[in-house]
Amino acid sequence: MNSPKQRILDIASGLFHRQGYNSTGINQIISEANVAKASFYSHFKSKDDLCLAFLQARHDYWFSQLLAYCSKAKGPKERVLTAFDFIIYMNGKEDFRGCSFLNILSELSKDQGAILSLIQSHKNDLRNFFRKELEEASLSDHMYLLFESSLVESQLFRSNDLVNRSKEIINVLL
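Asks: A description of the pattern of salt bridges should follow, citing residues and the corresponding values.
Replies: Overall, the coordinates contain 8 salt bridges when judged by the stated rule. A salt bridge links Arg 127 to Asp 141; the shortest N-O distance between them is 3.0 Å. With a gap of 14 residues between them, Arg 127 in helix α7 (residues 113-133) and Asp 141 in helix α8 (residues 137-157) connect regions that are remote in the sequence. Take Arg 127: its relative accessible area is 26%, and that puts it in the partly exposed class. A salt bridge links Asp 141 to Arg 131, with the nearest nitrogen and oxygen atoms 3.3 Å apart. Taken as a pair, Asp 141 in helix α8 and Arg 131 in helix α7 lie far apart in primary sequence, 10 residues in all. In this structure Arg 131 comes out as partly exposed when scored by relative accessible area, which is 34%. Bridged by salt links that share partners, the residues Arg 127, Arg 131 and Asp 141 form one connected network.

Have a look at this one:
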């Protein structure tokens, strides 16, 4: 059995991803993780601290999956196209829940700057992924914007149609 801290993080990760950040309460997390309230607060000072731990773990997981998924692709064009295939893969695996970072971003208040900063860092790493693949900054930014819009639109419409349309656009651009 996982440690109480890991159980809290695992349960919160699932709940934040499925229900949203604001719809998930600390008491629900404590109950489902089967830990005492004191145990929760000994590991996380607040729900925001737990959110930061969730987003950092999600970032590590998501990027490791993306890089592994793209690792066999040869050349920049194939790697970029494979990154879009990764969206389709994750949509199937996670039932079109979209981007955890953007989902939480939509729930933030102006007082949650630390969470916003971590979301921005994640998105900068994604932009840098495309910059590494495509040396031309305007082209890499275009791919990043197509990727982000594909994530949002596929979640909104529960469909990979626009992801595939983005791949067609990429084939023309590259």
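Asks: Just give me the short version of the side chain of Thr 82, but keep the residues and values in it.
Replies: Mapped onto the elements of the fold, Thr 82 is located in helix α5 (residues 75-93). Note on Thr 82: relative accessible area 13%, which makes it buried. Those residues in contact with Thr 82, other than ones at most four positions away along the chain, are Tyr 69, Cys 70 and Ala 73.

Thresholds, definitions, all that
- Sequence order as written defines the numbering, with residues in each chain counted from 1.
- Selection of residues for local features in this predicted model requires a pLDDT of at least 70, selection of side-chain atom pairs for listing and counting requires 80 or more, and totals for whole chains, interfaces and linings are taken over all residues.
- The side-chain quantities take in all heavy atoms of the structure and omit both hydrogens and water.
- Criterion for a salt bridge: a side-chain nitrogen of Lys or Arg within 4 Å of a carboxyl oxygen of Asp or Glu.
- Labels follow the DSSP assignment, with helices taken as runs of H or I lasting at least four residues and strands as runs of E lasting at least two, numbered in each case from the N terminus.
- Exposure classes here rest on a 1.4 Å probe applied to the protein chains alone. A residue is buried below 20% of its type maximum, exposed above 50%, and partly exposed in between.
- By the convention used here, residues are in contact when the closest approach between their heavy atoms is within 4.5 Å.

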